[in-house]
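Understanding the architecture of this molecule
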Amino acid sequence: MAEFWNEYGMIILEGLRDTTIMVVASTIFAYIVGLPLGVLLIVTRPGGIWEHPWLNRIVGWIINIGRSIPFLILMILMLDVTKILVGTKIGVRGAIPPLVASAAPFIARMVESSLSEVDAGVVEAAQSMGASPWQIIRKVYLPEARPSLILGAAVSIVTIIAYTTIAGTIGAGGLGDLAVRYGYVRREMEMMAATVILIVIMVQIIQSLFSWLSTKLDKRLR
């Protein structure tokens, strides 16, 4: 073990760093896109607080298309767009645009699902008091759905971690790249095991942390 760490320790730490950067950056940008889309799906649906069925159908159609494209294919399709956006098609920067494009529709549906759990009576009470759609979104929907949104965030981040390992197979770096270059190509099973263990640890930490946070913020459990 000591010999393995002396030889590959820095490489593993660099891979872990690259994966963390990809996950954090992609999650932030994916939520910047996906959260408003999820809210828009809820408020524009039939019977929603800002009912626009045609807009709801268009947004839902776009999201469904985004969700239906496999991540590996999406990365290839976006190579030229990625080059324009971040100046490179490979590496950590090159992986972020397709990660965002793939995760944002998934997040939008997660947000839609979380907000749909909000008690309709609470929303109707806010409307009866004259609250605007924006006030209802900000003061009713998002606060009431916080526990569910947090659990959804955990699922979204774990999904993005899985995507980063796929991105590593075509030069994005990170733990996925190490698994391919050392574990698959060179048949160094110790490196493969190390990358898998680190990914499992990351997933467990995220899931446990977000589950704890969701429980702390859930008013029904107080």
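Residues numbered from 1 in each chain as written. Predicted model: local features only at pLDDT ≥ 70, side-chain atom pairs only at ≥ 80, totals over all residues. Heavy atoms only, no water.

1. Quick notes on helix H2 (residues 53-68)
For an α-helix, the turn length of 3.6 residues means that residues three or four places apart are oriented alike. With 16 residues, H2 should reach 22 Å at 1.5 Å per residue; the first-to-last C-alpha distance of 22 Å fits that figure. Those residues of H2 that fall on the buried side of the exposure criterion are Leu55, Asn56, Val59, Gly60, Ile63 and Gly66. For H2, the buried positions fall inside an angular range of 125° around the axis, keeping them on one side. Among the exposed residues of H2, those oriented more than 90 degrees off its buried face are Trp54, Arg57, Trp61 and Ser68. Of the surrounding secondary structure, the elements contacted by the buried residues of H2 are helix H1 (2-44) and helix H5 (91-115). (Helix = DSSP H or I, 4+ residues; strand = E, 2+ residues; numbered from the N terminus. Expected span 1.5 Å × (residues − 1). Buried < 20%, exposed > 50% of the residue type's maximum accessible area, 1.4 Å probe, protein only. Arc of directions from axis to C-beta. Contact = heavy atoms within 4.5 Å.)

2. Here's the deal with the nonpolar core
Among the nonpolar cores identified, the biggest contains 40 residues, and Ile49, Leu115, Val123, Ile136, Tyr141, Met191 and Phe210 are the most heavily contacted of them. When contributions to this core are tallied by element, the ones reaching two or more residues are H1, H5, helix H6 (120-128), helix H7 (133-144), helix H8 (146-168), helix H9 (174-185) and helix H10 (189-217). Top contributing element to this core by residue count: H1, with 10 residues. Here Phe210 is in contact with Ile150, Leu151, Ala153, Ala154 and Ile157, once residues within four sequence places are set aside. With 9 residues, the next largest nonpolar core counts Val92, Ala95, Leu99 and Tyr163 among its residues. (Core = buried A, V, L, I, M, F, W, Y, C linked by side-chain atoms within 4.5 Å.)

3. Overview of the UniProt feature "transmembrane region" (unreviewed entry) in the protein
Mapped onto the present numbering, the UniProt feature "transmembrane region" (unreviewed entry) falls on residues 21-43, 58-79, 148-171 and 191-213. Taken end to end, residues 21-43 is 100% helix and 0% strand, and its two terminal C-alpha atoms sit 33 Å from one another. From the first C-alpha to the last, residues 191-213 spans 33 Å; its make-up is 100% helix and 0% strand. (UniProt positions renumbered as here; feature names shortened; annotations may be inferred.)

4. Details of the side chain of Thr27
Within the fold, Thr27 resides in helix H1. You can call Thr27 buried: its relative accessible area is 13%. Residues contacting Thr27, with those up to four places away along its chain left out, are Ile157 and Ile160.

5. Observations concerning the side chain of Ser148
Turning to its location among the elements, Ser148 is positioned in helix H8. Relative accessible area serves as the criterion here: at 18%, Ser148 is assigned to the buried category. Among the polar contacts listed, one links the side chain of Ser148 to the side chain of Ser114, at a separation of 2.9 Å. (Polar contact = N/O pair within 3.5 Å; in protein donor to acceptor, adjacent residues only side chain to side chain.)

6. Let's talk about a nonpolar patch on the surface
Together, Val24, Ile28, Phe29, Ile32 and Val33 give the surface a local cluster of nonpolar side chains, amounting to about 460 Å² of exposed area. Its place among the elements puts Phe29 in helix H1. Among the residues examined, Phe29 registers a relative accessible area of 47% and is labelled partly exposed. (Patch = residues over 30% accessible without salt bridge, like charges linked within 9 Å, V, L, I, M, F, W, Y side chains within 5 Å. Areas by Shrake-Rupley, 256 points an atom, 1.4 Å probe, with all protein chains shown as cover. Salt bridge = Lys/Arg side-chain N within 4 Å of Asp/Glu carboxyl O.)

7. Let's talk about the environment of Leu175
Summarising the element assignment, Leu175 is placed in helix H9. Residues Leu175 and Thr19 lie 156 residues apart in sequence; the distance between their C-alpha atoms is 6.3 Å.

8. Considering unusual backbone geometry
Phi angles above zero are rare outside glycine, and Arg187 is one such case at about 60°. Of note, Arg187 is situated in the loop between H9 and H10.

9. What about the packing of aromatic side chains?
This model, assessed by the stated rule, comprises 3 aromatic pairs. With a centroid separation of 5.2 Å and 50° between ring planes, the pair formed by Phe4 and Tyr8 is classed as tilted. Taken together, the positions of Phe4 and Tyr8, both in helix H1 and 4 residues apart, correspond to about one turn of that helix. Judged on exposure class, the residue Phe4 and its partner Tyr8 are both buried. Cluster of aromatic residues (ring-pair linked, three or more members): Phe4, Tyr8 and Tyr182. (Phe/Tyr/Trp six-rings, centres within 6.5 Å; stacked < 30°, edge-to-face > 60°.)

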